[in-house]
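Residue-level structure breakdown
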Amino acid sequence: MRRFLVASFVLIATVTARAEQFCIAKDGWRATIVVDQNDWTGVKRASYDLGDDVRKVTGIPSDVVESKKVKKGHIIIGTVGKSKLIDGLVKRKKLDVSKIRGQWESFIIDVIDGNLVIAGSDKRGTIYGIYEISQRIGVSPWNWWADVPVKHQDEIYYDEGRFVQPSPKVKYRGIFINDEDWGLKPWAATNYEKDLGDIGPKTYARVCELLLRLKANMLAPAMHSCTGAFYSHPESKVVCDSFGIIITTSHCEPLLLNNAAKSEWNQETDGDWNYKTNRETIIKKWDDRLSEASQYENIYTVAMRGLHDAGLRGNLPMEERVPLIEKVINDQRELLMKHRAWSPANDMDRTPDRVTAIPQIFVPYKETMDIYENGLNVPDDITLVWVDDNYGYMKRVSNPEEQRRSGRSGVYYHLSYLGAPHDYLWLNTTPPVLMYEELKKAYDAGADRYWLLNVGDIKPMELGIQTFMDMAWNIDDFDFGKVSRHQAQFLHSLFSVPESQFQSLLDDYYRLAWSRKPEFMGWEYEWDDKEHTGLKSTEFSISNYDDFQQRLADYQRISDEVERLSDGSAAYYELVQFPIQGAYQMNRKFMMAQLSHEMLSQGDSARAKWAAQEMEIAYDSINSLNHRYCEQQDGKWRGMMTLPPGYCALYHEKPTVPLLETAAVTPVNLIPRHEPLQGCHVIDLANYTSKSDDAQLIKGIGYDWQVMQLGEVSYSLPAIPKDTIEITIYTVPFWPLYAGKSNSIAIRVDAGETQIFENKFYEYSRSWKDQVMRNGAVCRLRFAIDKDKPSHTIQFYALDQGQMLQRVIIDWGGLKPSYVGLRQ
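No experiment lies behind these values; they were computed from the predicted model shown. (Residues numbered from 1 in each chain as written. Predicted model: local features only at pLDDT ≥ 70, side-chain atom pairs only at ≥ 80, totals over all residues. Heavy atoms only, no water.)

1. Notes on the overall build of the protein
Rules: Comment: elements are numbered from the N terminus, with helices defined as DSSP H or I runs of at least four residues and strands as E runs of at least two. Only C-alpha atoms enter the radius of gyration; for comparison, a globular chain is expected to reach 2.2 Å times N to the power 0.38, where N is the number of residues. The criterion used for residue contact is that any of the two residues' heavy atoms lie within 4.5 Å. Here the Shrake-Rupley method, with its probe set to 1.4 Å, supplies the accessible areas, and only the displayed protein chains count as covering residues. Residues scored as positive are Lys and Arg, those scored as negative are Asp and Glu, and His as well as the terminal groups of each chain are ignored. In plain terms, the charge of a residue is placed at NZ if it is Lys, CZ if Arg, CG if Asp and CD if Glu.
If you tally the helices and strands in the protein, you get 18 helices and 29 strands. Here the protein has a C-alpha radius of gyration of 28 Å; the compact-globule value for 824 residues is 28 Å, and the two agree. Across its three principal directions, the C-alpha atoms of the protein cover 85 × 70 × 60 Å. By sequence separation, contacts in the protein at least 24 residues apart represent 75% of the contacts at least 6 residues apart. For the protein, the accessible surface area stands at approximately 30,100 Å², while carbon and sulfur atoms represent 47% of it. Where the 96 positive side-chain charges of the protein centre and where its 113 negative ones centre are 5 Å apart.

2. Section: the sheet that holds strand β12 (residues 218-220)
Rule in force here: Note on pairing: DSSP must find at least two bridges between two strands before they are called paired.
Spatially, β13-β12-β11-β18-β17-β16-β15-β14 is the arrangement adopted by the 8 strands of the open sheet, whose pairing is parallel. Two strands lie at the open edges of the sheet, namely β13 (246-247) and β14 (300-301), each paired on one side alone. With 2 bridges joining them, β14 and strand β15 (residues 360-362) adopt parallel strand pairing. Bridged to Y300 within β15 is Q360.

3. A short note on the packing of aromatic side chains
Threshold: When two rings of Phe, Tyr or Trp (its six-membered ring) have centres within 6.5 Å they constitute a pair, described as stacked for plane angles under 30 degrees, edge-to-face for angles over 60, and tilted for the intermediate range. For the exposure calls, accessible area comes from a 1.4 Å probe over protein chains only, and a residue counts as buried if that area is under 20% of its type's maximum, exposed if over 50%, partly exposed in between. Whether a charge sits over a ring depends on NZ of Lys or CZ of Arg being within 6 Å of the ring centre and within 35 degrees of the ring normal.
Scanning the entire structure with this criterion turns up 45 aromatic pairs. Taking the centre distance of 5.6 Å and the plane angle of 85° together, the rings of F495 and Y572 count as edge-to-face. Residue F495 is located in the loop between α13 (480-494) and α14 (499-515), and its partner Y572 is located in helix α16 (residues 570-601); the two are separated by 77 residues in the primary sequence. Judged on exposure class, the residue F495 and its partner Y572 are both buried. Ring pairs connect the aromatic residues Y391, Y417, Y424, F520, Y764 and W768, which therefore count as one cluster. Its end group placed over the ring of W40, K123 keeps NZ or CZ at 4.9 Å from the ring centre. Between R766 and the ring centre of Y525, over which it is positioned, the NZ or CZ distance is 5.2 Å.

4. What about the sheet that holds strand β9 (residues 156-158)?
Read from one edge to the other, the open sheet built from 3 strands follows the order β3-β2-β9, with strand pairing classed as antiparallel. Either end of the sheet is taken by a strand with one partner, and the two such strands are β3 (29-30) and β9. Across 2 bridges, the pairing between strand β2 (residues 22-26) and β3 is antiparallel. Bridge pairing in β3 links K26 to W29.

5. What about empty space enclosed by the protein?
Convention followed: The way it works is a 1 Å grid over only the protein atoms, where trapped points that fit a 1.4 Å probe form a cavity and open points with protein on both sides within 12 Å along at least five of seven lines form a pocket, and then any residue with an atom within 4 Å of a point lines it. Grid points are joined across faces, edges and corners, and a volume is the space filled by probe spheres set on the points. Classification used: nonpolar for Ala, Val, Leu, Ile, Met, Phe, Trp, Tyr, Cys and Pro, charged for Asp, Glu, Lys and Arg, polar for all others including Gly.
Per the counting criterion, the structure on display carries 11 cavities of 30 Å³ or more. When its volume is computed, the largest cavity comes out at roughly 170 Å³. Around the largest cavity, the lining comprises 14 residues; the ones closest to its centre are R511, S515, F540, R551 and R823. In terms of residues, the lining of the largest cavity owes the most to one element, helix α15 (residues 547-564), which gives 4 residues. Looking at the lining of the largest cavity residue by residue, the classes come out as 4 nonpolar, 3 polar and 7 charged.

6. Side note on helix α5 (residues 201-213)
To keep it simple, the criterion reads: What a helix is expected to span follows from its residue count: subtract one and scale by 1.5 Å.
An ideal rise of 1.5 Å per residue puts 18 Å on 13 residues; α5 measures up with 18 Å between its terminal C-alpha atoms. With 10 of 13 residues buried, α5 is to be regarded as a mostly interior element. All buried positions along α5 are accounted for by P201, T203, Y204, V207, C208, E209, L210, L211, L212 and R213. Where α5 is buried, its residues contact α1 (41-58), α3 (123-136), β11 (172-177), α4 (184-192), β12 and α6 (234-243).

7. Observations regarding the pattern of salt bridges
What counts here: By salt bridge we mean one thing: a side-chain nitrogen of Lys or Arg within 4 Å of a carboxyl oxygen of Asp or Glu.
Evaluated as defined, the whole model comprises 56 salt bridges. Between D508 and R511 there is a salt bridge whose closest N-O contact spans 3.0 Å. Within this pair, D508 and its partner R511 are both found in helix α14, separated by 3 residues, close to a single helical turn. The class for R511 is buried, based on a relative accessible area of 10%. Where K816 meets E675, a salt bridge forms, and the shortest distance between an N and an O atom there is 3.0 Å. Of this pair, K816 sits in the segment after β29 (804-811) while E675 sits in the loop between α17 (605-635) and β19 (680-682), and the two are 141 residues apart along the sequence.

8. Some points on the packing of α3 against α5
Basically, it comes down to this: Axis lines are fitted to C-alpha atoms, over the contacting stretch for helices. Their N-to-C directions set the angle, which ranges from 0 to 180 degrees. Working rule for angles: under 35 degrees goes down as roughly parallel, over 145 as roughly antiparallel, 65 to 115 as roughly perpendicular, anything else as oblique.
Relative orientation of the contacting elements α3 and α5 amounts to 80°, with a least axis distance of 9 Å. Our classification of the angle between α3 and α5 gives roughly perpendicular. The residues of α5 that touch α3, namely those facing R124, I127, Y128, Y131, S134 and Q135, are E209, L212 and R213. Tallied by class, residues from the contact of α3 with α5 come to 4 nonpolar, 2 polar and 3 charged.

9. Quick look at the environment of R162
Within the secondary structure layout, R162 lies in the loop between β9 and β10 (163-165). Linking R162 and N544, residues 382 residues apart in sequence, is a C-alpha distance of 62 Å.

10. Observations concerning the nonpolar core
Side chains that are nonpolar tend, in soluble globular proteins, to be buried together. The line we're drawing: By convention a nonpolar core is built from buried Ala, Val, Leu, Ile, Met, Phe, Trp, Tyr and Cys residues, the set being connected through side-chain atoms within 4.5 Å.
By size, the foremost hydrophobic cluster in this structure holds 236 residues, and its most contacted members are W286 and W451. Each residue touching W451, except ones within four places of it in the same chain, is listed here: V170, Y172, R173, G174, M218, V411, L439, Y443, F468, M471, A472 and I475. The next biggest cluster of nonpolar side chains, apart from the first, holds 27 residues, and it includes L710, L781, I794 and I810.

11. Some details on α14
Over its 17 residues, α14 runs 25 Å from end to end, which matches the ideal 24 Å to within 8%, given 1.5 Å per residue. Within α14, 12 of the 17 residues are buried, which leaves it mostly tucked inside the rest of the structure. Within α14 the residues assigned to the buried category are F502, Q503, L505, L506, D508, Y509, Y510, R511, L512, A513, W514 and S515.

Such coordinate-based values are descriptive only and should not be taken to indicate function.
Shown next, in the form of structure tokens:
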């Protein structure tokens, strides 16, 4: 027999000394859950979930009663001002709600007169309190979506005393289901919701429950043309509202209208999506949508782009675009006031008397950023939602003037993307440390109003979603070290594997994908010129520095280790084993094809044939891994896991290899040789001779899984028998903080001339494409030195805040080609 309570994974609250113990379940007895019948629908629904969660843990559910009367030994659930049960306790001075009254999404858990009380400041505060208990008794938020098992307990107790949860650090926190064509849509249409044949209310009910269990509060529904538009299935909006989830939309869905769907905008019947020439039709579409949806809790995207993810229609010059979009925003705000769109700032207020009370966002995504930077006037109460470049790097954050806006700012961030220079839709490979660095940067500049995460199909992005939501709930609870350990700790809380072993697996998994994501291993660029289109051999060197061999060896090692540690559960496979082994086989597929061509070019047909056979095995292994994912749990996820081809990608295909049917087969020795370096040197970033207080070594990012964030820092170099050296510097490819800033560092060797490296690029340029594909900007500088000196000193200075060194190589004539230089 085991007792409650396991601590919540991310815990930010005030907890008093342990007080009266409350029994939730024991010896076949279960505490009855009591909720006021007049409380929010979402609160009552979550109360029934808690009753069922008790069943998952003990085998017998707790009864749920909608009543205003209680007895000792009950679990009392309610919202301040909405529940007579809670208000009665407050009136009798049994329950002090002074710390949560009027607050956003906060709650109290306490034992009062023999009852367990869960009281929320508003409907979601109460719901979060309910699911806090669920998580503490051992029901993971990922119980359904990732098949995380629930450990049986005969007895469950609460003995933690008074628990006060303050408001989250970020007000609106949610996900965007996107690029669902090859995962969530076929899974829903052919498996989970096949009666509808689409993503609809049944699927969204599961999504909403997941979000609430993660303490999120908003959803941007799937919107590709392959999927029925969210509002085309009327029950979907009703279901989301019944859960208490806010509907938001992507950057290209103004006022909840999805123009990617023909049911929402049909060029043949509606005309051109052009506000200058077709304003009345567009206004009518928005007006009709608000008539249908404004009674629900929404966050409204203002301004407009072109159809789906295209730029503004009409090919207008910038001097016309700016006033046109200002007119669009003004017209949209008049429509919002016409319909008295509901403000979630007050649960009871469905008729705001001013447009500033209605949540609105402006998302300067792609070309819209240019319109904004050219003087677009966005009303002060509208939240500016800054975007990453689709590859994890924030394109900008609020400048000091923008930080004073009443609407504050937010972020739109990607774990998955379909677009140039290459899609990554298959695996979650964005390192937690990069997420933290970029999101904290935005948060510190005022992005505390709205955080939206592009999660593709939700699966297999679970770990990234968990980290993102925990940071959005309380980013102050994180630093670089904590975020680096976050996912290993989370997995350790689910499986009987030491945290250190999960940490080692994840470190290598993310490190290997950092230099090249699995989806990028075909070395192709999408939507590009002929030279860069099509599958090619990788740039990992077979001949030099074990570049090729060490990558394969590292992947094989973690693939074998994740297999060895497996408990055989579906959850372990989905969360840990599948992504690691899938990444290994994708790398192996392309690298073995490269090896086969290399062996044949050397006249070695036997080894070329062996490598070609290994490529075939890797290709088949990927298909087997995907098939296993879909078919486990009696086919629960059938249709979900494929290699998404996007619109023009080729990485999912089989690379060509030589046809050598009559050749013998001889294996290639791929054991790393660890050749000594000659005529070159790689700096160990941790082995500095001095640094300023603002410089820090950060682990969990970079080619060698550590970077030096500048500051000022100095390193010692050995004696060098030449009078000139070339220094290759790899930095993390950040964008400037905002207009007027840059990405510049200064470098000096000994007392010589200082040189400047400024990483200047623009989106979709060749340099930017190369940077995001390899997660690194590169610079090569030559310095004169005194070859008679017994040692040298190299110094780095940050000229702009936050710059990170990830690899520095000194060459005096011996450096040989490799992908991203030498390992430390």
